[in-house]
Amino acid sequence: MKLFREIIGHQENIHLLQNAISQNQVAHAYLFLGPKGVGKKTTALAFARTLFCSCPTGGDACGYCRFCRQVNERNHPDLHQISPTGSSIKIDQVREIQKKATIKPYQGQRAIFLLEQVETMTSEAANCLLKLLEEPNQEVSFILLSTQPYALLPTVVSRCQILSFRALSTAEITRGLKQTLNPEEKEIHLALALAGGSLGQALKITQDKQLQNIRDETLIMAYNLKKSTLNEICRQAEELAAFREMLAVRLDVILLWYRDVLLWQLTGNQELLLNQDHLPLITEEALFYSSDRLLNIISEIEQTQRYLNTNVNARLAVEVLLLNIQQGRYT
Ligand SMILES: [Zn+2]
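Each chain carries its own residue numbering, running from 1 in the direction its sequence is written. Where local features are concerned, this predicted model is filtered to residues with pLDDT of at least 70; where side-chain atom pairs are given and counted, the filter is 80 or more; whole-chain, interface and lining totals use all residues. Remark: hydrogens and water are excluded; side-chain values derive from all non-hydrogen atoms of the structure.

**Topic: the coordination of the zinc ion**
Each donor-metal-donor angle would ideally measure 109.5 degrees in four-coordinate tetrahedral geometry, or 90 or 180 degrees in six-coordinate octahedral geometry.
And step 1. A 2.8 Å cut-off from the metal defines N, O and S donors, relaxed to 3.2 Å for Na, K and Ca; water is not in the atom list, so some sites may appear incomplete. Looking at the zinc ion, the protein donor atoms are Cys53 (SG), Cys62 (SG), Cys65 (SG) and Cys68 (SG), and they sit 2.2 to 2.3 Å from it.
And step 2. One way to put it: the 4 donor atoms around the zinc ion meet at angles of 104 to 116°, and that makes the site tetrahedral.
And step 3. Of note, the donors binding the zinc ion are all from one chain and are spaced C-x8-C-x2-C-x2-C. The pair Cys53 / Cys62 is uniform in exposure class, with both members buried. All geometry calls rest on donor angles, where a four-donor set with angles between 85 and 135 degrees is tetrahedral, four- and six-donor sets with opposite donors more than 155 degrees apart and all others between 65 and 115 are square planar and octahedral, and all else is irregular. Accessibility here uses a 1.4 Å probe with only protein chains present; expressed as a share of the type maximum, an area under 20% marks a residue as buried, one over 50% as exposed, and anything in between as partly exposed.

Following this line, the structure appears as C-alpha cells:
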C-alpha cells in the first residue's frame, strides 16, 4: 500500500487530487484512464487514505493511524471496492452501490466507491450507475478506473472529472523495480522490454521465474532457427501456437532478440542490448544475418503480431513467420 509520496510518476494527477482535498473540492466522480498496471488503483487508494486519515500532513496520509490501517487492511467501512464478477460488472452490483450510497458515511465525511475495469459494465449496469452519478451527493465520491475509454458510455464519461495516467518511462520503472525488489540487471532489462510501461507488469515479470525460463528457451529457439529443418520448424510453430496466452510474450522475446542482433551489428555497444547475458550468441547471429535481413525479420514479426490480434489461425501465422526467418526470403 503506497502513500502519495511513494508513488512513481503521475505527479500532476497527484497534485490535482491533493489540491482537491486541501481546498475541500473533492469531485463527485473521477475517471482514471490509462494502461493496465501503471498506478491508477494505487493512486486511487492513496487518495482514499489521505481523505480518511486522521492526521494528514503535507497533503499526504500519515500511513499509520487507525483509518490509514483500515484502508491498508481493506476493511475501512466507507471505502467500497467493486470489480467485475466473472467477466463484467453487473446490474446487481450497481444496485448494491445504490443502496450503500444512500446511507450516511460511517466514520468520516464521505464514502468512496472505487470501481475497477468499468469498461466491463453491462449496459444495464452502466445506465444504473449513470443515475447515481447524476444525483448530487456531497457524501459520496466515485472513482472509476478504466483502460478503455471508448468502451464507456459517453454520458458516464461526461459526468466524471477525467485524469489520464500515461505509461511509465524506463527510468521510472527501473526505480520502481529497485525500490520493491532487488532485481539483477538482466531481469530489469527483460521487465522493461515486456512490461509496456506498466510497473505492475514489470514487477510481475521480475518475480516470475517461469517467465525468465520461457525467455531463455525462446531465445535459444530463435538462435537455432537458421539450422532447423522444415519438420522442426513445423513442430516449433505448433508448440508456440498451442499456448496462445504465452504466444504474445514469446513473439516479443523473438522480436527483441533480432533487435539486439541488429543493434549489436550496427553499434557494437553492449549497453544497448536487452539480452546482454547472451552476448556470445548475439555476436554469432550478427555475423550470420545482414542488417537488411534483420530489419525485414523484425517487420515480419511485427506484422505477425498484428495478424494475431485478429482472428487468424495462430499456428499457420507462426509457421509462415518461422519459415520466412529460416529460409531468408528477404536476403
Ligand atoms: Zn493516517
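**Topic: the packing of aromatic side chains**
And step 1. Two aromatic rings, drawn from Phe, Tyr or Trp (for Trp, its six-membered ring), form a pair once their centres lie within 6.5 Å of each other, and the interplanar angle then sorts them: stacked below 30 degrees, edge-to-face above 60, tilted otherwise. Taken as a whole and judged by the stated rule, the model has 6 aromatic pairs.
And step 2. Note on Tyr30 and Phe47: the rings are 5.6 Å apart at their centroids and 80° apart in plane angle, and the pair reads as edge-to-face. Of this pair, Tyr30 sits in strand E1 (residues 29–33) while Phe47 sits in helix H2 (residues 40–52), and the two are 17 residues apart along the sequence. For the pair Tyr30 and Phe47, one class covers both residues: buried.
And step 3. Centroid distance Phe113 to Phe142: 5.5 Å. Interplanar angle 25°. Geometry classified as stacked. In this pair, Phe113 sits in strand E3 (residues 111–115) while Phe142 sits in strand E4 (residues 140–146), placing the two residues 29 residues apart along the sequence. By the burial criterion, Phe113 is buried, and Phe142 matches it.
And step 4. Chaining the aromatic ring pairs together yields one cluster made of Tyr30, Phe32, Phe47 and Phe165.
And step 5. A ring is scored as having a charge over it whenever the NZ atom of a lysine or the CZ atom of an arginine sits within 6 Å of its centre and within 35 degrees of its normal. The lysine or arginine in question, Lys226, covers the ring of Tyr223, its NZ or CZ lying 4.0 Å from the ring centre. Numbering of helices and strands runs from the N terminus; a helix is a DSSP stretch of H or I covering at least four residues, while a strand is a stretch of E covering at least two.

That's the geometry; what it means functionally is another story.
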